[in-house]
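Here is what each chain is made of, one letter per residue.
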There are 2 protein chains.
Amino acid sequence: MRLTSKGRYAVMALVDLARFDNITPVSLRDISLRQGISLDFLEQIFSKLRKKEIVQSIRGTQGGYILNRKAKEIKLTNIFDAVDEKVKTVQCKKESKKGCNGKTTKCLTHNLWDELESHINNFFEEKSLEDLVKDNAERRV
Amino acid sequence: MRLTSKGRYAVMALVDLARFDNITPVSLRDISLRQGISLDFLEQIFSKLRKKEIVQSIRGTQGGYILNRKAKEIKLTNIFDAVDEKVKTVQCKKESKKGCNGKTTKCLTHNLWDELESHINNFFEEKSLEDLVKDNAERRV
DNA sequence: GTGAAACTTGACTATTTTAGTCAGGTATAT
DNA sequence: ATATACCTGACTAAAATAGTCAAGTTTCAC
Ligand code: FES
Ligand code: FES
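These remarks concern the structure in this document. What you see is a predicted model, and the numbers here were worked out from it, not measured in a lab. (Residues numbered from 1 in each chain as written. Chains lettered and ligands numbered in written order. Predicted model: local features only at pLDDT ≥ 70, side-chain atom pairs only at ≥ 80, totals over all residues. Heavy atoms only, no water.)

1. Observations regarding the pairing of strand β2 (residues 64–67) of chain B
All names here are of chain B. Of the two faces of β2, both are covered, the one formed by G64 and I66 as well as the one formed by Y65 and L67. Pairing of strand β1 (residues 55–58) with β2, which is carried by 4 bridges, proceeds in the antiparallel orientation. Following the sheet pairing, I58 is matched in β2 by G64. Between β1 and β2, which follow one another and run antiparallel, lie 5 residues, and G60 among them has a positive phi close to 85 degrees. (Buried < 20%, exposed > 50% of the residue type's maximum accessible area, 1.4 Å probe, protein only. Helix = DSSP H or I, 4+ residues; strand = E, 2+ residues; numbered from the N terminus. Pairing = 2+ DSSP bridges.)

Structure below.
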């Protein structure tokens, strides 16, 4: 059970971005240098974040990205959703009434994994980008 | 963020096993047939469970496996640990003071992932095999 | 208006992980 | 004896991951 780099980097980059005034755009090159993330990879990630209206892009020289909503209103769950980092614990299709391994009924553990999934998603729904920035500022003192 | 089959099957097989009297051994072939899991794969999994003393093996005809401890005393965390299904959220090495991406300090999100890891592990520490068997019996009524 | 900075898009690929398979054992109840 | 069932380690196909690469377009600064 691992977290992928895409989700990890998306959050890392957004925390970096959220530390600024949210008026002057921040370039991906800067984030790339500061956080040690490949620029090309960041571009992939921000393309998705923009499509889900989490960030706004400003083109041209001196361009970059700014947040499209208040940091308080961006939850971890929104970020993860945007970059297709999803929690997947069950093997079967959720909607289907069939179980895993081609069974006609849900397996012995289906309910357990479902519970686990909710447990994890709760965590993601509670945390906002603002929380993360604050946590970080405090730790620095 | 996905759960692997190894962990999923380990729990599934143990729930199956725990439903019996714990005196007569249950063969992997039976579990394989009932749960639709490859026999060879199950053998791999049970080898690890045996090494961690979660199950006991009985060889020969009419042989099989029984639990080595009470179902109440087997937590999900023990099972996952036995089959090397581990929750890995951070990218860096935990003990090291260095961060991910070769940084000399922990990254902006390190603490967040650490928190997430604890959150998930809590879930695993609370649930016992007995809970799972009970849950299942109830649902069947 | 021209160059450079920075966003935009989509295809491509090496590496790693997963989810098993396969081939050979050994022990024991009947 | 022999069939059943555990035991072990090596091997592999397929999928997912973590990027790279190439070819743009837009806009600011000068
Ligand atoms: S996980 Fe849903 S049926 Fe097995
Ligand atoms: S996750 Fe530990 S330093 Fe980034």
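2. Observations concerning the interface of chain B and chain A
By a widespread convention, an interface's size corresponds to the accessible area lost as its parts come together. Facing 47 residues of chain B, the contacting portion of chain A comprises 47 residues. Between chain B and chain A, a total of about 4000 Å² is buried, with carbon and sulfur atoms accounting for 60% of that surface. Counting every contact that joins chain B to chain A gives 2 salt bridges. As a salt-bridge pair, K127(B) and E115(A) come within 2.9 Å of each other at their nearest N and O atoms. Counting across the chain B and chain A interface gives 17 residue pairs in polar contact (both at pLDDT 80 or more). Listed by contribution, the elements that provide at least two residues to the side of chain B that touches chain A are α1 (5–18), α2 (28–35), α4 (76–82), α5 (110–126) and α6 (129–140) of chain B. (Contact = heavy atoms within 4.5 Å. Buried area = accessible area lost by both parts, 1.4 Å probe. Salt bridge = Lys/Arg side-chain N within 4 Å of Asp/Glu carboxyl O. Polar contact = N/O pair within 3.5 Å; in protein donor to acceptor, adjacent residues only side chain to side chain.)

3. Let's talk about the protein's contact with DNA strand D
If you check the shell around DNA strand D, you find 29 residues, and the closest are S38(A), R59(A), R50(B), S57(B) and Y65(B). Of all atoms in DNA strand D that approach within 4 Å of the protein, 68% are sugar or phosphate atoms. Separating a phosphate oxygen of DNA strand D from a side-chain N or O atom of Y9(A) is a distance of 3.3 Å. Mapped onto the surface near DNA strand D, the elements with two or more residues apiece are α1 (5–18) and α3 (39–51) of chain A together with α2, α3 (39–51), β1 and β2 of chain B. Residue classes in the surface near DNA strand D are distributed as 6 nonpolar, 15 polar and 8 charged. (Near = heavy atom within 4 Å. Nonpolar A, V, L, I, M, F, W, Y, C, P; charged D, E, K, R; others polar.)

4. Let's talk about the relation of the copies chain B and chain A
The transform that puts chain B on chain A rotates by 180 degrees and translates by 0.0 Å along the axis, for an RMSD of 0.0 Å. Within this description, the copies of the chain are treated as partners about a two-fold rotation axis. By residue overlap, the copies meet face to face through one surface: 100% of the interface positions of chain B are interface positions in chain A. (Least-squares fit on C-alpha atoms with pLDDT ≥ 70 in both.)

5. Overview of the packing of aromatic side chains
Inspection of every chain in the model, using the stated rule, returns 10 aromatic pairs over all chains. For the pair Y9(B) and F41(B), a centre-to-centre distance of 5.9 Å together with 80 degrees between the ring planes defines the contact as edge-to-face. You can see Y9(B) sitting in helix α1 and its partner F41(B) sitting in helix α3, a full 32 residues away along the chain. Note on F46(B) and Y65(B): the rings are 4.8 Å apart at their centroids and 50 degrees apart in plane angle, and the pair reads as tilted. Here F46(B), found in helix α3, pairs with Y65(B), found in strand β2; they are 19 residues apart in sequence, far enough to count as distant. There is no split in this pair, since F46(B) and Y65(B) are both buried. Members of the aromatic cluster, each reached through a chain of ring pairs, are F80(A), F123(A), F124(A) and W113(B). (Phe/Tyr/Trp six-rings, centres within 6.5 Å; stacked < 30°, edge-to-face > 60°.)

6. As for the packing of α1(B) against α6(B)
Residues and elements named next belong to chain B. It is the contact of α1 with α6, at a shortest axis distance of 9 Å, that shows an interaxial angle of 70 degrees. Taken together, the axes of α1 and α6 are roughly perpendicular relative to one another. Counting all contacts with α1, which are made through V11, L14, V15 and A18, the residues of α6 involved are L129, L132 and V133. Considering only residue class, the contact of α1 with α6 consists of 7 nonpolar, no polar and no charged. (Axes fitted to C-alpha atoms, helices over the stretch in contact; angles between N-to-C directions. Parallel < 35°, antiparallel > 145°, perpendicular 65-115°, else oblique.)

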